[in-house]
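Structural overview
Okay, here's what each chain looks like letter by letter:
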Amino acid sequence: MANFRNIIGQDQAKEHFQTAIETGNISHAYIINGETGSGRRMLADAFAKTLQCEKRQDSDACDGCKSCHQAESGNHPDIRYITHEKASISVDDIREQLNNDIQIKPYSSGHKIYIIPDANKMTEQAQNALLKTIEEPPAYAVILLLTDNLNALLPTIQSRCVTINTKPISKEEIAGYLISHLSMEPKQAEIAAGFCQGNMGKAIRFANSQDFQQMKEDTLHLLINIDNLDVSEIVDTIRIFSQKKGMINDYLDLMLLWYRDVLMFKVTKDANLLLYRDQFHDISHQASTRTYEDIENILQAIDKAKMRLDANVNFDVTMELMALTMKE
């Protein structure tokens, strides 16, 4: 259920919203900024549901009133989600679903709430149309813009909204949740928690995915045998990864974990600190044959490869540059 008490981590964001509800000091527009899977939608849903709740308890929704039932079923007349059929949110989407509708008073609540899940996909025209509404909103209106790229929003929009940034969640909290709620084996939960880098949505996605285990096995097979492969063989293997269900960035994240383990073992000689403890023999071997500088260079090369792919640099060129560093 979309309640503040069910959101793992994000204490600062929850406290901000709950204090606003307690004091009645509600802003007319918020930006919730953070990567996909970081809890933006859950925060928005919990805020909207609690704000509309008829019997709030400790600054959280009661789950028992008519308003809560409507919010949970997605049928609340005064909580609206802006949808779009094309790749971007057009000016017509904003005008038809928000600007024209916002003048109609709330049906059953004190507020009328609009949630834009992909706010970074608004065209400039759409943002300018929204800006006029944000500048002079009706007193009952609250607009929530969810984005994974704050810079995609016009500075004029940013300056008129309260920005809430989601934060990475601790590995311990994520692993604990995966074990207690999703019955994941502690060792798997630890790897998933390390892999997802503070992103609960990503951790849950992989906890429920059979692909994750296969991705891990594929990645380990490559990295254990990497000293026996040449650059072209490494690139060919990674190309095969990219054609499978898992996103290439996920494979690269698993590689980062491996080389962090290699570095960790080189520094501490403590196998208990490794995520990939079952591969202790291979990790200790690579730690002994690589210098600190080698390992740092490989970690940087993988990070650079992720940045290049995000910038749409040619896949083969990107992987070749990374593989060269790994072999050098």
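So, a few notes on the structure that sits alongside this text. (Residues numbered from 1 in each chain as written. Predicted model: local features only at pLDDT ≥ 70, side-chain atom pairs only at ≥ 80, totals over all residues. Heavy atoms only, no water.)

1. Remarks on the packing of helix α11 (residues 231-242) against helix α15 (residues 315-327)
- As a packed pair, α11 and α15 sit with axes 9 Å apart at the nearest point and diverge in direction by 130°. Our classification of the angle between α11 and α15 gives oblique. Handedness of the crossing formed by α11 with α15: right-handed. For the pair α11 and α15, contact is made by V231, I234, V235, I238, R239 and S242 and by F315, D316, M319, E320, M322, A323, L324 and K327, respectively.
- Among the residues forming the contact of α11 with α15, the class breakdown is nine nonpolar, one polar and four charged. (Axes fitted to C-alpha atoms, helices over the stretch in contact; angles between N-to-C directions. Helix = DSSP H or I, 4+ residues; strand = E, 2+ residues; numbered from the N terminus. Parallel < 35°, antiparallel > 145°, perpendicular 65-115°, else oblique. Left-handed = near helix turned anticlockwise from the far one by under 90°. Contact = heavy atoms within 4.5 Å. Nonpolar A, V, L, I, M, F, W, Y, C, P; charged D, E, K, R; others polar.)

2. Brief notes about the environment of D261
- Mapping D261 onto the fold places it in helix α12 (residues 248-268).
- A C-alpha to C-alpha distance of 7.2 Å links D261 and Y276, two positions 15 residues apart in sequence.
- When neighbours within four sequence positions are excluded, D261 is seen to be in contact with L273, L274, L275, Y276 and I283.
- There is a polar contact of 3.0 Å between the side chain of D261 and the backbone nitrogen of L275. (Polar contact = N/O pair within 3.5 Å; in protein donor to acceptor, adjacent residues only side chain to side chain.)

3. As for the environment of H181
- Structurally, the position occupied by H181 is in helix α7 (residues 171-182).
- Separated by 61 residues in sequence, H181 and N120 have C-alpha atoms that sit 32 Å apart.
- Of note is the side chain of H181, whose polar atom sits 2.9 Å from the side chain of S180.

By themselves these figures say nothing about function.
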